[in-house]
Amino acid sequence: MLAGAARTHGPAPYDWLASVLTGRDLAELAVEPSVLGWLTQRGGTARLAPATMLRAATEVVRSLLATKRGVLVVEDLHDLDPASLTLVAELVATAVPALVLVTS
């Protein structure tokens, strides 16, 4: 299960995904360290186009699910930053192998 929540005050881009990645072993993810640093909000230096970051974020979620079926929990939809909202929409649109549960 991948569960993340938005911060009520001052959400940053991909805040939901940063919440999901907190405390996980990220060594096996095939993502450049600078991009991963940006997605985890830990000082990434990547300056990529929004569409490229969206593809990277989508691939990170797919990698975390691997070949398993899973559950994505998105808490506080009303507080999601625009990038996280776009990511959730992209995951649903690309038929990620997971049940998506969104709360508000």
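The rules we used
- Residues numbered from 1 in each chain as written.
- Predicted model: local features only at pLDDT ≥ 70, side-chain atom pairs only at ≥ 80, totals over all residues.
- Heavy atoms only, no water.
- Helix = DSSP H or I, 4+ residues; strand = E, 2+ residues; numbered from the N terminus.
- Expected span 1.5 Å × (residues − 1).
- Buried < 20%, exposed > 50% of the residue type's maximum accessible area, 1.4 Å probe, protein only.
- Arc of directions from axis to C-beta.
- Contact = heavy atoms within 4.5 Å.
- Polar contact = N/O pair within 3.5 Å; in protein donor to acceptor, adjacent residues only side chain to side chain.
- Core = buried A, V, L, I, M, F, W, Y, C linked by side-chain atoms within 4.5 Å.

(A) Inspection of helix α4 (residues 82-93) at higher detail. With 12 residues, α4 extends 16 Å from end C-alpha to end C-alpha; this agrees with the ideal 16 Å at 1.5 Å per step. Those residues of α4 not exposed but buried are Ala 83, Ser 84, Leu 87, Val 88 and Leu 91. Seen along its axis, α4 keeps its buried residues to an arc of 140°; they face one direction. Away from the buried face of α4 by more than 90 degrees, exposed residues Pro 82, Val 92 and Ala 93 are located. Buried residues belonging to α4 abut α1 (15-21), α3 (50-65) and β2 (70-75). Of the residues that open α4, the one with a side-chain oxygen 3.1 Å from the backbone nitrogen of Ala 83 is Asp 81. One or two residues past the end of α4 sits Ala 95, with phi positive at roughly 55°.

(B) Up close: the nonpolar core. Of all hydrophobic cores here, the largest spans 29 residues; its most connected members are Tyr 14, Trp 16, Leu 17, Leu 39, Val 60, Val 61 and Leu 87. At the level of elements, α1, α2 (33-39), α3, β2 and α4 are the ones that each hand at least two residues to this core. With eight residues, α3 is the largest single contributor of residues to this core. Not counting residues up to four positions away in its chain, the partners in contact with Leu 87 are Tyr 14, Trp 16, Leu 17, Leu 54, Ala 57 and Thr 58.

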